[in-house]
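# Architecture at a glance
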Amino acid sequence: MLISTSVGRELVGMRALSGRILLIALAAAVSVSLAVPSVATSDPVQEIIEPTRDPALLYPTPLPDAWFVPPPGFENTAPGTVLHTRPTTVGPLLTPVFATQLLVRSTDSKDRPIPVVTTVIVPQAPWTGPGARPLVAYNTAIDSLGLTCVPSWTLPRGSEIELAAIQLLLAKNYAVIVTDHQGPRQAYAAGRISGHAVLDSLRATVNTPWLGLSPDSPIAVSGYSGGAIASGWTAELAPTYAPELRIVGVAIGGAPVDYRLLLGSMNGRNLASSVFLAATMGVAREYPELFELMNTNGWRLGMIARDWCLAALAPVGVVAPIPVEALSDVPNVVATPIAQRVLDATRLGGQAPTAPVYIYQGQQEIWIPREGAERLYDEWCAKGARVRLDEFVGEHLVVALSGIPAANSWIDDRLTGKPMAEGCSAFGR
């Protein structure tokens, strides 16, 4: 995602960056020296000024908890194998629940074995409906770089900002899993790893009988914005990666479908520019060949922000809307074979989901253009998928709330066995 729209814009961005990045680096250097003990130097401030180009310094600081370390030989187990379990708490909730954390064997974007964490939340009330209890994979918009930003950390501490959406599902007596879908490297925006993480978490959950689910449980998948990255890739990868799962519907809203589109809407333009930079760093963690395109400022920024959550990332876009071009000295870096391969690898639309899909999108979207949702709809429909597209009045944050009733109603229909018509349909386009 280290992309240049033109050489001219690159030069403008570099001039603007020189003052802004220095302010950010100086302001953050003290916190980095205190909060990032794993930086391999006795002088973290000097490391920011003259960074060592060691990729290890761009990955998140590991949490001091041995539970997250998989057992020796986990690589030889099948995807979806439960490696560790422990009870946890989730709250505050209105629905009494049992909550469990699972460490699960999954695979990253390049099919290498990794551990991922999912939180399984099951209502205490027995399921009285027909068949097995339904299960919803609710994917939060993690949109962050640090390991204290993920659901397995925020849910037990009462700081998960999407808890109300989870409560709505639990109130219907559905079980819910909430996965740390960006993986152990916090590869924000690298959708393939997120799809694998969710699918393997579903495998682990439905094949662990004492959790109260069953391989016959109907499964729905849902997520908005960053959560839609995980949900969209779950839908697209399921037919080949986990065809045995009984996924009956996937709902995605405000989905970043093609990162090329975000260059004109987020890159260096507004408060979302810092989120776009974070996504660049997250993708590079999964595709480290991008690191070789980064200049010194890119390494500085990556080191400074490597443990930041969304609440810290977003305000930086107001103070210093830095374009991603400033992180590379390569002219027209988007044209490089490396950048092109990564852009292609992180774009949704290559394979048709077999499960029905509901896409919802804001008509006045500022950050994530509706063009992406419409392209995805067209491509999946052309490949034979069953897709419903609803475009609502409003921009990204408005539709994040206003779209919930329609998305949840659609999920209810799928989980209760109401068939979706063959083919595709759209409203508001």
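Residues numbered from 1 in each chain as written. Predicted model: local features only at pLDDT ≥ 70, side-chain atom pairs only at ≥ 80, totals over all residues. Heavy atoms only, no water.

Time to look at the overall build of the chain. Looking only at helices and strands, the chain has 13 helices and 10 strands in total. Counting all 429 residues of the chain, 59% fall into the buried class. A separation threshold of at least 6 residues defines the contact pool for the chain, and within that pool the share at least 24 residues apart is 80%. Total accessible area on the chain stands at roughly 16100 Å², and carbon and sulfur atoms take up 61% of it. (Helix = DSSP H or I, 4+ residues; strand = E, 2+ residues; numbered from the N terminus. Buried < 20%, exposed > 50% of the residue type's maximum accessible area, 1.4 Å probe, protein only. Contact = heavy atoms within 4.5 Å. Areas by Shrake-Rupley, 256 points an atom, 1.4 Å probe, with all protein chains shown as cover.)

Let us look at the packing of aromatic side chains. Working definition: an aromatic ring pair is given by the centre-to-centre distance plus the angle between the planes. Throughout the structure, instances matching the rule amount to six aromatic pairs. Where Y59 meets F291, the ring centres are 6.2 Å apart and the plane angle is 80°; that geometry is what we call edge-to-face. On the criterion of sequence distance, the pair formed by Y59 in the loop between α2 (44–49) and β1 (82–88) and F291 in the loop between α7 (272–286) and α8 (296–304) is long-range, its members being 232 residues apart. Per residue, the accessibility class of Y59 equals that of F291, and both read buried. Between the aromatic rings of F291 and W299, the centroid separation amounts to 5.8 Å while the plane-to-plane angle is 50°, which identifies the pairing as tilted. (Phe/Tyr/Trp six-rings, centres within 6.5 Å; stacked < 30°, edge-to-face > 60°.)

Let us now look at the side chain of R285. One can find R285 in helix α7. Among buried charged residues, R285 stands out as having no salt bridge; its nearest opposite-charge side chain is D307, 5.7 Å away. Those residues in contact with R285 that lie beyond four places of it in its chain are L58, Y59, P60, L145, R185, Q186, F291 and R306. (Lys, Arg positive; Asp, Glu negative; His and termini not counted. Salt bridge = Lys/Arg side-chain N within 4 Å of Asp/Glu carboxyl O.)

A few words now on the confidence of the model for the chain. Of the residues in the chain, 87% reach a pLDDT of 70 or more, and the chain-wide mean stands at 88. Note on residues 1–41: pLDDT under 50 across the span, and 83 contacts to partners over four residues away in sequence or across chains. (pLDDT = per-residue confidence, 0-100.)

Further remarks concern the pattern of salt bridges. With the rule as written, the count across this model stands at 19 salt bridges. In this structure, D307 engages R306 in a salt bridge whose closest nitrogen and oxygen atoms are separated by 3.8 Å. Two residues, E379 and R347, come together in a salt bridge whose shortest N-O distance is 2.7 Å. Of this pair, E379 sits in helix α11 (residues 370–382) while R347 sits in the loop between α10 (337–345) and β8 (357–362), placing them 32 residues apart in sequence.

This part covers the state of the cysteines. For the coordinates displayed, the defined rule picks out two disulfides. Here C381 is linked by a disulfide to C424, with a sulfur-sulfur distance of 2.0 Å. What sets the handedness of the C381 and C424 disulfide is the S-S torsion sign, and at about -115° it is left-handed. Taken together, the residues span a long stretch of sequence, with C381 in helix α11 and C424 in strand β10 (residues 424–427) at a distance of 43 residues. The partly exposed category is assigned to C424, whose relative accessible area is 32%. Counting its disulfide-bonded cysteines in sequence order, the chain shows a connectivity of 1-2, 3-4. (Disulfide = S-S within 2.5 Å.)

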